[in-house]
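Inside the fold
Here are the chains, one letter per residue:
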Amino acid sequence: GVADTKAELLSILKETGLGKGEESEEQAKRIDELVSKLADAGTKFDPKVADGEWALVLSRNSKGSPKLQKASNKVEQVGTSFANFDVSKGEFYNIAELFGGKGKLQATVAYGEVE
């Protein structure tokens, strides 16, 4: 189920330096498979689970990502970026350290549930 898929994904991420690009080609393929499996599971957004602080453990850009996003991802380090969901306000706060702590990127995004 979903819990087992999440557990396997986290286990592989821990083995590979939490997404710092230290994974083998086989591990990268399995990570992508597990992420797709979770996306296809149809699990809905659960505000009780999302509310609070989250640490980045994996970051990948899609081919269609904006250039700024791709550039920031190259200098952003896993473990130094955090996201906070404030479900009472419908806001998501992103705080990312860049360039080894020499820069900081902050963004606040309003979100709503999609039916």
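Residues numbered from 1 in each chain as written. Predicted model: local features only at pLDDT ≥ 70, side-chain atom pairs only at ≥ 80, totals over all residues. Heavy atoms only, no water.

Overview of the overall build of the protein
Rules: Strands here mean DSSP runs of E at least two residues long; helices mean DSSP runs of H or I at least four residues long; both are numbered from the N terminus. Only protein chains enter the accessibility calculation, which uses a 1.4 Å probe. A residue is then buried if its area is under 20% of the maximum for its type, exposed if over 50%, and partly exposed in between. Contacts are assigned to residue pairs that have any heavy atoms within 4.5 Å of one another.
When you go through the protein residue by residue, the secondary structure sums to four helices and four strands. What you see in the protein, going N to C, is helices and strands ordered as α-α-α-β-α-β-β-β. Within the protein, the fraction of its 115 residues that count as buried is 21%. Within the protein, contacts between residues at least 6 apart in sequence are counted, and of these 41% link residues at least 24 apart.

Some points on the side chain of asparagine 84
Secondary-structure assignment places asparagine 84 in strand 2 (residues 76-86). The buried category is assigned to asparagine 84, whose relative accessible area is 18%. Contact partners of asparagine 84, with chain neighbours within four places excluded, come to Gly52, Glu53, Trp54, Glu91, Phe92, Tyr93 and Ile95.

A look at the confidence of the model for the protein
The condition that has to hold: Summary of the metric used: pLDDT quantifies the predictor's per-residue confidence within the range 0 to 100.
Per-residue confidence for the protein gives a mean pLDDT of 78, with 76% of residues at or over 70. Looking over the protein, one finds the lowest element-wise mean pLDDT in helix 4 (residues 67-75), namely 51, and the highest in helix 2 (residues 25-40), namely 90.

Details of the packing of aromatic side chains
To be explicit about the condition: The criterion for an aromatic pair is that two Phe, Tyr or Trp rings (for Trp, the six-membered ring) have centres within 6.5 Å, with stacked assigned to planes under 30 degrees apart, edge-to-face to planes over 60 apart and tilted to the rest.
Evaluation of the coordinates by the stated rule reveals two aromatic pairs. Between phenylalanine 85 and phenylalanine 92, the aromatic rings sit 4.8 Å apart at their centres with planes inclined by 55°, giving tilted as the arrangement. Ring geometry for phenylalanine 85 and tyrosine 111: centres 5.7 Å apart, planes at 80°, overall edge-to-face. On the criterion of sequence distance, the pair formed by phenylalanine 85 in strand 2 and tyrosine 111 in the segment after strand 4 (103-110) is long-range, its members being 26 residues apart. The exposure class assigned to tyrosine 111 is partly exposed, which follows from its relative accessible area of 26%. Members of the aromatic cluster, each reached through a chain of ring pairs, are Phe85, Phe92 and Tyr111.

Considering the environment of valine 109
Tracing the backbone shows valine 109 in strand 4. Residue valine 109 is classed as partly exposed on the basis of its relative accessible area, which comes to 41%. Measuring from C-alpha to C-alpha, the distance between valine 109 and glycine 90 comes to 8.5 Å, with 19 residues separating the pair along the chain. Contact partners of valine 109, with chain neighbours within four places excluded, come to Gly90, Glu91 and Phe92.

Quick word on the pairing of strand 3 (residues 91-98)
As a reminder, the rule being used: Each pair of strands is called paired provided DSSP finds at least two bridges between the two strands.
Here strand 3 pairs with strand 4 via eight bridges, running antiparallel. Paired with glutamate 91 across the bridge in strand 4 is alanine 110. Hairpin connection between strand 3 and strand 4: a loop of four residues separates the two successive antiparallel strands, and phenylalanine 99 in this loop has a positive phi of roughly 55°.

Things to note about the packing of helix 1 (residues 2-15) against helix 2
Defined as follows: Axes here mean lines fitted to C-alpha atoms, for a helix over just the part in contact, with angles spanning 0 to 180 degrees between N-to-C directions. An angle counts as roughly parallel when it lies under 35 degrees, as roughly antiparallel when it exceeds 145, as roughly perpendicular when it falls between 65 and 115, and as oblique in every other case. In this scheme the crossing of two helices becomes right-handed for a clockwise turn of the near helix relative to the far one and left-handed for an anticlockwise turn of less than a right angle. Each residue is assigned to one of three groups, with Ala, Val, Leu, Ile, Met, Phe, Trp, Tyr, Cys and Pro labelled nonpolar, Asp, Glu, Lys and Arg labelled charged, and all others, Gly among them, labelled polar.
Orientation of helix 1 relative to helix 2, taken along the N-to-C sense of each, is 150°, at an axis distance of 10 Å. Here helix 1 lies roughly antiparallel to helix 2, going by the angle between them. The hand of the helix 1/helix 2 crossing is left-handed. On helix 2, the residues touching Val2, Thr5, Lys6, Glu8, Leu9, Ile12, Leu13 and Glu15 of helix 1 are Gln27, Arg30, Ile31, Leu34, Val35, Lys37 and Leu38. The class makeup of the residues in the contact of helix 1 with helix 2 is eight nonpolar, two polar and five charged.

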